[in-house]
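Results of the structural survey
What follows is the residue order along each chain.
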Amino acid sequence: MRKNVLIIGGTGFIGYHLAKSCLSLKWNVSSISLNKPKKIRILKGVNYLILDISNKKNLKKLDQISFDFVVNLGGYVEHTNKIQVKKYHFLAVKNLYEYFKNKKIKKFIQAGSSAEYGKSRVPQKENYICKPLGIYGKYKFKASRFLLKKSVKFNFPVTILRLYQVYGPNQDQNRFLPILIQACLNREIFYSSSGIQKRDFLFISDAVKAFLKTLSSKNTNGRILNIGYGQSIILKQVMSYVGKKTKFFSPVYGKIKIRKDEALNIYPEIKKAKKILNWKPKVSWRSGVLKTIKYFKKANAKK
């Protein structure tokens with residue numbers, strides 16, 4: 001019997017790639033989002049539902065479908081807007097729980113964030129006491145804590161996957177790597193911070209494999225798992241590599257100030273994910289960045 005999966009945020013970057021993989025497994029895929037998918041992210045076979053899940057009543061439109069799996073990748077892209085971040089990263093999560101708590105789903109994956117750890121020492125571990133600093137991290141953590149309590153009290157089959165910087169083809173151009181790559185390809189000045197920060201970069205195909213392995217695992221309920229590459233790279237090194245591969249790089253360092261709540265070094269320990277999911281990242285950051293550059297080159301040529 002074909003599995004039914006619901007992806008909240010299925011029109012976004014990670015949601016698109018996850019939906020594509022689920023279709024390849026012959027699963028029935030439904031997506032919830034606030035807006036229709038961009039042309040480049042429309043997948044034949046996906047049931048696209050345009051719903052605002054911050055309104056609990058809207059979820060009744062799902063009554064006709066019985067889902068096996070639910071993956072919550074939804075949220076609000078502007079992380080400084082407190083009202084919207086609370087609405088879509090916390091209150092919407094509570095609505096999803098209320099709707100699905102008695103639906104006998106096999107798995108609910110909540111996409112968490114490294115921002116939940118705040119400025120914790122690295123490598124960041126799942127058992128750390130979380131002290132998020134920004135609005136986004138705080139509401140992500142509140143959502144994680146809420147769902148884990150429901151797992152303990154009512155056996156709700158939730159797993160929190162705490163994601164680090166996921167990147168790759170088809171990513172929106174409001175993230176570090178796509179902005180950098182496009183600036184280099186277009187031979188434009190790249191306004192940057194000092195570039196001394198160190199970040200963990202995980203290629204999209206590795207992230208999707210972690211989601212799929214979690215959906216098929218019986219040992220992940222009630223757990224938090226870090227999903228990242230497990231190693232940080234200095235941003236200046238990444239910038240230099242992109243410049244080398246695109247044959248152009250014109251940076252203005254220090255133009256963007258480092259935020260007060262921004263940790264200088266972020267990367268996770270991924271031992272739990274390796275052991276429990278039998279998963280590990282396979283795409284090196286250089287290989288992944290090269291694949292991403294090739295994608296944007298090809299996309300630009302079609303314009």
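What comes next concerns the included structure.

Thoughts on the sheet that holds strand β5 (residues 107-113)
An order of β3-β2-β1-β4-β5-β6-β10 is seen for the 7 strands of this open sheet, with the pairing classed as parallel. A strand with exactly one partner marks an edge of an open sheet, and here the two such strands are β3 (46-50) and β10 (223-227). With direction set aside, neighbouring strand axes in the sheet form an average angle of 20°. Relative to β10, strand β6 (residues 158-163) runs parallel, the two being bridged by 5 bridges. By the bridge assignment for β10, T159 is matched with R223.

A word on the layout of surface pockets
If a probe as big as a water molecule is rolled over the atoms, it shows which places are left empty. Here the second largest pocket is characterised by a volume of approximately 180 Å³. Lining of the second largest pocket is provided by 13 residues; of these, I40, Q171, Q173, Y295 and F296 occupy positions nearest its centre. Take the lining of the second largest pocket: its biggest share by element is 4 residues, from helix α8 (residues 285-302). Grouping the amino acids of the lining of the second largest pocket by side-chain chemistry returns 4 nonpolar, 5 polar and 4 charged.

Side note on a nonpolar patch on the surface
A contiguous nonpolar patch, built from I189, Y191, V252 and I256 and spanning about 350 Å² of accessible area, is present on the exposed surface. Structurally, the position occupied by Y191 is in strand β8 (residues 189-191). The exposure class assigned to Y191 is partly exposed, which follows from its relative accessible area of 44%.

Considerations on the sheet that holds strand β9 (residues 198-203)
With mixed pairing, the 3 strands of this open sheet are ordered in space as β7-β9-β11. Looking at the sheet topology across the chains shown, the edges are occupied by β7 (165-167) and β11 (232-234). Across this sheet, the average inter-strand angle for adjacent strands is 50°, counted without regard to direction. Note that β7 and β9 share 3 bridges and pair parallel. Counterpart to Y167 in the pairing with β9 is F203.

Overview of the nonpolar core
Counting residues in hydrophobic clusters, the biggest one holds 54 residues, and the most contacted among them are L18, F211 and I227. Here the element with the most residues in this core is helix α5 (residues 204-215); it accounts for 7 residues. Not counting chain neighbours up to four residues away, the residues in contact with I227 comprise L161, R162, L163, Y164, L202, A210, A273, L277 and W279. L59, Y99, F100 and L147 belong to the second largest nonpolar core, which has 29 residues in total.

Brief notes about the side chain of Q124
Secondary-structure assignment places Q124 in the loop between β5 and α3 (135-154). There is a polar contact of 2.7 Å between the side chain of Q124 and the side chain of Y164. In this structure, Q124 is in contact with S114, Y117, G118, Y164, N226, I266, Y267, P268 and E269, ignoring residues within four places of it in sequence.

Considering α3
The end-to-end C-alpha separation of α3 is 28 Å, in line with the 28 Å expected for 20 residues at 1.5 Å each. Regarding α3, the residues found buried are Y136, G137, Y139, K140, F141, A143, S144, F146, L147, L148 and S151.

Side note on helix α2 (residues 82-100)
A turn of α-helix holds 3.6 residues, and therefore any two residues three or four places apart point the same way. When the terminal C-alpha atoms of α2 are compared, their 26 Å separation across 19 residues agrees well with the 27 Å that a helix rising 1.5 Å per residue should span. At L91, α2 is deflected by roughly 30°, the largest bend along its length. Where α2 is buried, its residues touch β1 (4-8), β4 (69-72), β5 and α3.

Here we look at the packing of aromatic side chains
Tallied over the full model, the rule gives 17 aromatic pairs. On the numbers, 4.9 Å between centres and 90° between planes, the contact of Y99 with F100 is edge-to-face. Pairing Y117 with Y128 gives two aromatic rings, centres 6.4 Å apart and planes at 85°, and the pair type is edge-to-face. You can see Y117 sitting in the loop between β5 and α3 and its partner Y128 sitting in the loop between β5 and α3, a full 11 residues away along the chain. Per residue, the accessibility class of Y117 equals that of Y128, and both read buried. Grouping aromatic residues by their ring pairs yields a cluster made of F90, Y97, F108, Y139, F146 and F156. Above the face of the Y117 ring, R162 is positioned so that its terminal group lies 4.7 Å from the ring centre. Above the plane of the ring of Y253 lies K236, whose end atom (NZ or CZ) is 4.4 Å from the centre.

Looking at the environment of I50
Structurally, I50 is set in strand β3. Its relative accessible area of 40% is what places I50 among the partly exposed residues. For the pair I50 and K36, spaced 14 residues apart in sequence, the C-alpha to C-alpha distance is 6.7 Å. Dropping the residues within four chain positions of it, I50 is found in contact with S33, L34, N35 and K36.

About the cut-offs
Residues numbered from 1 in each chain as written. Predicted model: local features only at pLDDT ≥ 70, side-chain atom pairs only at ≥ 80, totals over all residues. Heavy atoms only, no water. Pairing = 2+ DSSP bridges. Helix = DSSP H or I, 4+ residues; strand = E, 2+ residues; numbered from the N terminus. Axes fitted to C-alpha atoms, helices over the stretch in contact; angles between N-to-C directions. 1 Å grid on protein atoms, 1.4 Å probe; cavity = no way out; pocket = protein on both sides within 12 Å on 5 of 7 lines; lining within 4 Å. Points joined across faces, edges and corners; volume = space filled by probe spheres on them. Nonpolar A, V, L, I, M, F, W, Y, C, P; charged D, E, K, R; others polar. Patch = residues over 30% accessible without salt bridge, like charges linked within 9 Å, V, L, I, M, F, W, Y side chains within 5 Å. Areas by Shrake-Rupley, 256 points an atom, 1.4 Å probe, with all protein chains shown as cover. Salt bridge = Lys/Arg side-chain N within 4 Å of Asp/Glu carboxyl O. Buried < 20%, exposed > 50% of the residue type's maximum accessible area, 1.4 Å probe, protein only. Core = buried A, V, L, I, M, F, W, Y, C linked by side-chain atoms within 4.5 Å. Contact = heavy atoms within 4.5 Å. Polar contact = N/O pair within 3.5 Å; in protein donor to acceptor, adjacent residues only side chain to side chain. Expected span 1.5 Å × (residues − 1). Bend = angle between axes of the 7 residues up to and from the residue. Phe/Tyr/Trp six-rings, centres within 6.5 Å; stacked < 30°, edge-to-face > 60°. Lys NZ or Arg CZ within 6 Å of the ring centre and 35° of its normal.

Note that every value here comes from positions in space, so none of it alone points to a role or purpose.
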